[in-house]
Amino acid sequence: MVLQSLKSCLWLSCILRTPKACFWSTASGGLIIQSVSNDVYQNLAVEDWIHDHMDLEKQQVLFLWRNSPAVVIGRHQNPWQECNLRLLRQKNIKLARRRSGGGTVYHDLGNINLTFFTTRKKYERMENLKLVVKALKALRPQLDVHVTDRYDILLDRQYKISGTAAKLGRTSAYHHCTLLCNADKFVLSSVLKSPYKGLKSNATPSVPASVKNLFEEDPSLTSEMLLDAIAKEYATQHQIDHHITVINPADETLLPGISHKTKELQTWEWVYGKTPKFSVSTCLNMAYKDSVLDVKVNMDVKHGRIEVCNIDLPEQWLPPGLYSELVKSLTGSKFCPNEITTLVTTLLRVCPQDNELHSRWSLLCENMIMLM
Amino acid sequence: VCIHRVTSCSSIHFIKSKYVCVFDKSALKFSHQQRLLRTSAVSHGQIVQFKLSDIGEGITEVTVKEWYIKEGDSVSQFDSICEVQSDKASVTITSRYDGVIRKLHYSIDDTAFVGKPLVDIEIDTSKGVAPEEDVVETPPMSHEEHTHQEIKGHKTLATPAVRRLAMENNIKLSEVVGTGKDNRILKEDILNYLAKQTGAILPPSPKAEIVPPLRKTETVPAAPKDKARKLPVPVSRPIAFSGKDKTEPVTGFQKAMVKTMSAALKIPHFGYCDEIDLTQLVQLREELKPLAELRGVKLSFMPFFIKAASLGLLQYPILNASLDENCQNVTYKASHNIGVAMDTEQGLIVPNVKNVQVCSVFDIAVELNRLQSLGSAGQLGTSDLTGGTFTLSNIGTIGGTYAKPVILPPEVAIGALGKIQVLPRFNGKGEVFKAQIMNVSWSADHRIIDGATMARFSNLWKSYLENPASMLLDLK
């Protein structure tokens, strides 16, 4: 693997859509790059950057990347439906929304990501996946891996080791897929299980599948070996040298505008705000003093914000003025536990200073926050 | 010679009246294609049905997931129109024309069909040029230039809208540097060329041509208009300021702050300020820091300030009280739950350390560490944020000396701590020495607290901090 640093203007001029005389582009029909970063947002930003700025007519690109623990949801998915957000926050696992469609995946360093960049016309997912299978078989001929018509790669006809998603723009397209080498299956299954009940939405649902690591099948395999094998196969098929160019997603001179893209991917408005409209219809079981209260809650959430909120409390359980104040404040607020916590605790400051009232308020609010 | 080419591509379907005099929108029902003529004095635009083009892989239908525009919006060529999804692929559909959106044929979650109309766009033809025509001296352009196919070669590429602009301003396209894809000449290039000629600052265009540093819009288009990234070229361009005011509703946490602060300012505040010589405390902290680190705790100055405040409150419990709504009763709170103002991404939050009266300085440091890490992760719980009785705000970590803090109801007092500065002071012998000085600004509720009480409390608190050993005498 030859590592090359890319700080020359010439490289830039080759890849940008302003064609200038360039000694690279005519020679190769492909480029293999690998990210030095394990930050999911930075790596997704690189995908965006290549999609928006690179001229893929003359050369296609294979991008290799790995992330530290993160859950990545598809463009049109609902994170509340797809994963255990509470667990993610506790374990400090990042949540990212990618721009391609498809379902939710868990990434850690035991999973490798491959992105195939082509022009819109040359978009061909099957070909790419067949390339991956060919590479795996070349590495370990005894591996029973094949591509399904849902664009998954199965091991032993049973276990999913790779999932696929794609993004098509005006002139370019990319197809990316995961490949499970040695990921933490325990964490994977626990974070991808949503505890939230009563959600109704038209967001793209994920199709759960049994997974297995390639490492379990053959402990001699490592992520590096797999990356190298795939790069080699890509190089062969594109008739280019088998060398991988390393890029740093934080390099603004190399990738102008990348930090803006990275920041955008981390905003609440993108990660949560892009969730298609959904409703929450559930019942809170609040243990209060010696009884249990069943409180029906109905909320409509649009752009990640509470549009409509109805809480069916027993009459006079909270003073009516206070109840309407709560509902008024919740409306328009982010469907986010932190936002609601700070909101309700701040509101409490202007409530009558009554211990009974305070404990009821806290109980109700804590239960509401659990829904998020 | 101008070339008129009627498209045979099924994805473009022009509907246009043969007669040009009185152009009535109801005349736009002709479904057969017409030979396009150079028109004049057409006051209305023509409605073009933009059809969903082929996605590839034999896909015939997709689901509409998000609209980036709504009826009535103007769009430019290559602007994003909507996002559709098909079998794990998310596709950004971009506009083929400049114009105004007149109709959306689908709602969110509807199934859209390839080859069927997606949106109706009204193309502005009032300037007398049909969208298809070639104008200005350029080599004959094939009609396909307007579609998504790419032209390689040395032809001057520009959309009809750009050509029109150039023609109106008597500009030779060959003299303009194209910065778009394949050296395509974009509208900005014409504008820049013009600006260079006249030296004028051009009025901002309706759609901001200059890429702003952070474009915050509700829906973010996946493909921004100005896609070409230029190599740094030292050409001076007049920067037209196209910033617009942005109005947002006050929601959520901000709304709650509005309520709280409005209530707070109903309290008659008075202020009292002083300066504290922290020279000895600085030294003490230096000695204790490594000890705390051994126990896995970061020791700042705050635990000392908080403990000293609690000791002071034992002597002046009225500062740890609460006045009821009607100002009928004062409740002296038994617990010293001292709030610490924290600056987070969201804004100001005030978690509190519970029962400081029974905590050691180290206990307070541990609790502060916990609250700070939860605060920065956005994971503070309701119990951390409620029940406060007295607040300290260490604004000095950001900067400033004196402040005018606002009391947080239902409390009756608050202290703001400025930054620690090294300043020259006189000691008892009349010598100048280097002192570590910090300013404190107290605010208190004048309905139940008088100036003398505040001053005495402050003096006591100050004495504990200026001479930390004295804290030992009163520690419980």
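As the structure is a prediction and not an experimental result, all values here were calculated from the model. (Residues numbered from 1 in each chain as written. Chains lettered and ligands numbered in written order. Predicted model: local features only at pLDDT ≥ 70, side-chain atom pairs only at ≥ 80, totals over all residues. Heavy atoms only, no water.)

Observations concerning the overall build of chain A
When you go through chain A residue by residue, the secondary structure sums to 13 helices and 16 strands. Taking the principal axes of its C-alpha atoms as reference, chain A extends roughly 80 × 45 × 30 Å. Within chain A, the fraction of its 372 residues that count as buried is 62%. Nonlocal contacts in chain A, meaning residues at least 24 apart in sequence, comprise 74% of its contacts between residues at least 6 apart. Accessible surface for chain A amounts to roughly 14,700 Å². Of this, 53% is attributable to carbon and sulfur atoms. (Helix = DSSP H or I, 4+ residues; strand = E, 2+ residues; numbered from the N terminus. Buried < 20%, exposed > 50% of the residue type's maximum accessible area, 1.4 Å probe, protein only. Contact = heavy atoms within 4.5 Å. Areas by Shrake-Rupley, 256 points an atom, 1.4 Å probe, with all protein chains shown as cover.)

Thoughts on the overall build of chain B
A count of helical and extended segments in chain B gives nine helices and 20 strands. Within chain B, buried positions represent 47% of all 476 residues. Of the contacts formed within chain B by residues at least 6 apart in sequence, a portion of 61% connects residues at least 24 apart. Total accessible area on chain B stands at roughly 23,800 Å², and carbon and sulfur atoms take up 55% of it.

Describing the UniProt feature "domain: BPL/LPL catalytic" (unreviewed entry) in chain A
Within this numbering scheme, the UniProt entry marks residues 56-242 of chain A as carrying the feature "domain: BPL/LPL catalytic" (unreviewed entry). End-to-end, the C-alpha atoms of residues 56-242 of chain A are 19 Å apart, and along that stretch the chain is 28% helix and 28% strand. (UniProt positions renumbered as here; feature names shortened; annotations may be inferred.)

Some remarks on the confidence of the model for chain A
Residues and elements named next belong to chain A. For chain A, the average pLDDT comes to 88, and 92% of its residues sit at 70 or higher. Within the model, pLDDT remains below 50 along residues 1-10, and this stretch shows 20 contacts once partners closer than five positions in the same chain are excluded. This stretch, residues 17-27, has a pLDDT under 50; its non-local contacts, to residues over four places away or in other chains, come to 26 contacts. (pLDDT = per-residue confidence, 0-100.)

Brief notes about the UniProt feature "domain: Lipoyl-binding" (unreviewed entry) in chain B
Here the UniProt feature "domain: Lipoyl-binding" (unreviewed entry) sits at residues 47-122 of chain B. Spanning residues 47-122 of chain B, this segment combines 0% helix with 55% strand, and its end C-alpha atoms are found 4 Å apart.

Things to note about the interface of chain B and chain A
Counting from both sides, the interface comprises 62 residues of chain B and, opposite them, 65 residues of chain A. Of the roughly 5,700 Å² buried between chain B and chain A, counting both surfaces, carbon and sulfur atoms make up 51%. At the boundary of chain B with chain A, the tally comes to seven salt bridges. Across the pair A:Lys274 and B:Glu66 runs a salt bridge, and its minimum N-O distance is 2.6 Å. (Buried area = accessible area lost by both parts, 1.4 Å probe. Salt bridge = Lys/Arg side-chain N within 4 Å of Asp/Glu carboxyl O.)

Digging into helix H11 (residues 320-330) of chain A
Within H11(A), burial applies to A:Leu322, A:Glu325, A:Leu326, A:Val327, A:Ser329 and A:Leu330. Residues of H11(A) that are buried sit in contact with strand E16 (305-312), helix H12 (337-348) and helix H13 (355-369) of chain A together with helix H3 (252-264) of chain B. Trailing H11(A) by a residue or two, A:Gly332 shows a phi angle of about 95°, which is positive.

Some points on the domain arrangement of chain B
Considered domain by domain, chain B is made up of domain 1 (46-123), domain 2 (160-197) and domain 3 (269-473). On a C-alpha basis, the centres of domain 1 of chain B and domain 3 of chain B stand 59 Å from each other. (Domains from an automatic or database assignment.)

A look at the packing of aromatic side chains
Evaluated as defined, the whole model comprises 16 aromatic pairs over all chains. An angle of 25° between the planes, with centres 5.7 Å apart, marks the rings of A:Trp268 and A:Tyr272 as stacked. Accessibility assignment for this pair places A:Trp268 and A:Tyr272 in one class, buried. Relative to B:Trp461, the ring of B:Trp442 has its centre 5.0 Å away and its plane inclined at 80°; by these criteria the two rings are edge-to-face. Placement of B:Trp442 in strand E20 (residues 432-445) and of B:Trp461 in helix H8 (residues 451-466) is noted, with a sequence separation of 19 residues between them. Owing to a relative accessible area of 1%, B:Trp442 belongs among the buried residues under this scheme. (Phe/Tyr/Trp six-rings, centres within 6.5 Å; stacked < 30°, edge-to-face > 60°.)

Observations regarding the side chain of A:Thr282
Looking at the element boundaries, A:Thr282 is found in strand E14 (residues 278-288). Not counting chain neighbours up to four residues away, the residues in contact with A:Thr282 comprise A:Lys197, A:Val295, A:Lys296, A:Val297 and A:Leu371.

A word on the environment of A:Asp156
All names here are of chain A. When you line up the elements, Asp156 lands in the loop between strand E8 (153-155) and strand E9 (159-162). For Asp156, a relative accessible area of 25% corresponds to the partly exposed category. Placed 56 residues apart in sequence, Asp156 and Lys212 show a C-alpha to C-alpha distance of 9.7 Å. Those residues in contact with Asp156 that lie beyond four places of it in its chain are Asp144, Lys212 and Glu217.

Regarding unusual backbone geometry
With omega at 5°, the peptide bond leading from B:Pro409 into B:Pro410 counts as cis. Residue position: B:Pro410 is located in the loop between strand E17 (390-393) and strand E18 (413-417). One non-glycine residue, A:Asn92, lies in the positive phi region at around 60°. By the element assignment, A:Asn92 lies in the loop between helix H4 (85-90) and strand E4 (94-97).

Quick notes on the side chain of A:Ser162
Residue and element names in this part refer to chain A. Examined against the element boundaries, Ser162 turns out to sit in strand E9. Residue Ser162 is classed as buried on the basis of its relative accessible area of 1%. Polar side-chain contacts of Ser162 include one of 2.7 Å to the backbone oxygen of Thr178. Setting aside chain neighbours within four positions, we find Ser162 in contact with Tyr151, Asp152, Ile153, Cys177, Thr178 and Leu179. (Polar contact = N/O pair within 3.5 Å; in protein donor to acceptor, adjacent residues only side chain to side chain.)

Observations concerning the confidence of the model for chain B
All names here are of chain B. With 72% of its residues at a pLDDT of 70 or more, chain B has an overall mean of 77. Note that pLDDT drops below 50 for residues 1-43; the model gives that stretch 77 contacts with residues more than four away or on any other chain. Overall, residues 199-228 carries pLDDT values under 50, and its contacts beyond four positions in sequence, including any with other chains, amount to 57 contacts.

Some words on the environment of A:Ala209
Residue and element names in this part refer to chain A. Its location among the elements puts Ala209 in the loop between strand E12 (199-201) and helix H7 (214-217). Residue Ala209 is classed as partly exposed on the basis of its relative accessible area of 45%. Residues Ala209 and Asn113, 96 residues apart in the sequence, show an inter-C-alpha distance of 18 Å.

Thoughts on the packing of helix H2 (residues 40-53) of chain A against helix H9 (residues 258-266) of chain A
Residues and elements named next belong to chain A. Closest axis-to-axis distance for the H2/H9 pair is 8 Å, and the angle between their directions is 125°. With respect to each other, H2 and H9 are oriented oblique. The two elements H2 and H9 cross, and the hand of that crossing is right-handed. Counted together, Tyr41, Gln42, Leu44, Ala45, Val46, Asp48, Trp49, Asp52 and His53 of H2 and Ile258, Lys261, Thr262, Leu265 and Gln266 of H9 form the full contact between these two elements. Residues that form the contact of H2 with H9 fall into these classes: seven nonpolar, four polar and three charged. (Axes fitted to C-alpha atoms, helices over the stretch in contact; angles between N-to-C directions. Parallel < 35°, antiparallel > 145°, perpendicular 65-115°, else oblique. Left-handed = near helix turned anticlockwise from the far one by under 90°. Nonpolar A, V, L, I, M, F, W, Y, C, P; charged D, E, K, R; others polar.)

Describing the sheet that holds E8(A)
Residues and elements named next belong to chain A. Pairing within the open sheet is antiparallel, and its three strands lie in the order E7-E8-E9. One side of each edge strand has no neighbouring strand; the edge strands of this open sheet are strand E7 (145-147) and E9. Adjacent strand axes in the sheet meet at a mean angle of 35°, parallel and antiparallel pairs treated alike. Bridge count between E8 and E9: three bridges; the pairing is antiparallel. Bridge pairing in E9 places Leu155 opposite Tyr159. In the packing of helix H5 (residues 125-139) onto the sheet, the strands contacted are E7, E8 and E9, and the crossing angle to E7 comes to about 175°. (Pairing = 2+ DSSP bridges.)

Some remarks on the pattern of salt bridges
The tally for this structure, following the rule as stated, stands at 33 salt bridges over all chains. Close ionic contact of A:Glu307 with A:Lys277 constitutes a salt bridge, the shortest N to O distance being 3.5 Å. In this pair, A:Glu307 sits in strand E16 while A:Lys277 sits in the loop between helix H10 (268-271) and E14, placing the two residues 30 residues apart along the sequence. Take A:Glu307: its relative accessible area is 34%, and that puts it in the partly exposed class. One salt bridge connects B:Arg425 with B:Glu275, and the closest N-O pair in it is separated by 2.7 Å. In this pair, B:Arg425 is assigned in strand E19 (residues 421-426) and B:Glu275 in strand E10 (residues 269-277), connecting sequence segments 150 residues apart.

With respect to the nonpolar core
Core analysis: the largest hydrophobic core is formed by 82 residues, its most contacted members being A:Ile311, A:Leu364 and A:Met368. In this view, A:Leu364 contacts A:Leu284, A:Met286, A:Ile311, A:Leu313, A:Trp317, A:Leu318 and A:Leu326; residues no more than four positions away in its chain are not counted. Listed in part, the 53 residues of the second largest apolar core include B:Leu323, B:Ile364, B:Met438 and B:Leu460. (Core = buried A, V, L, I, M, F, W, Y, C linked by side-chain atoms within 4.5 Å.)

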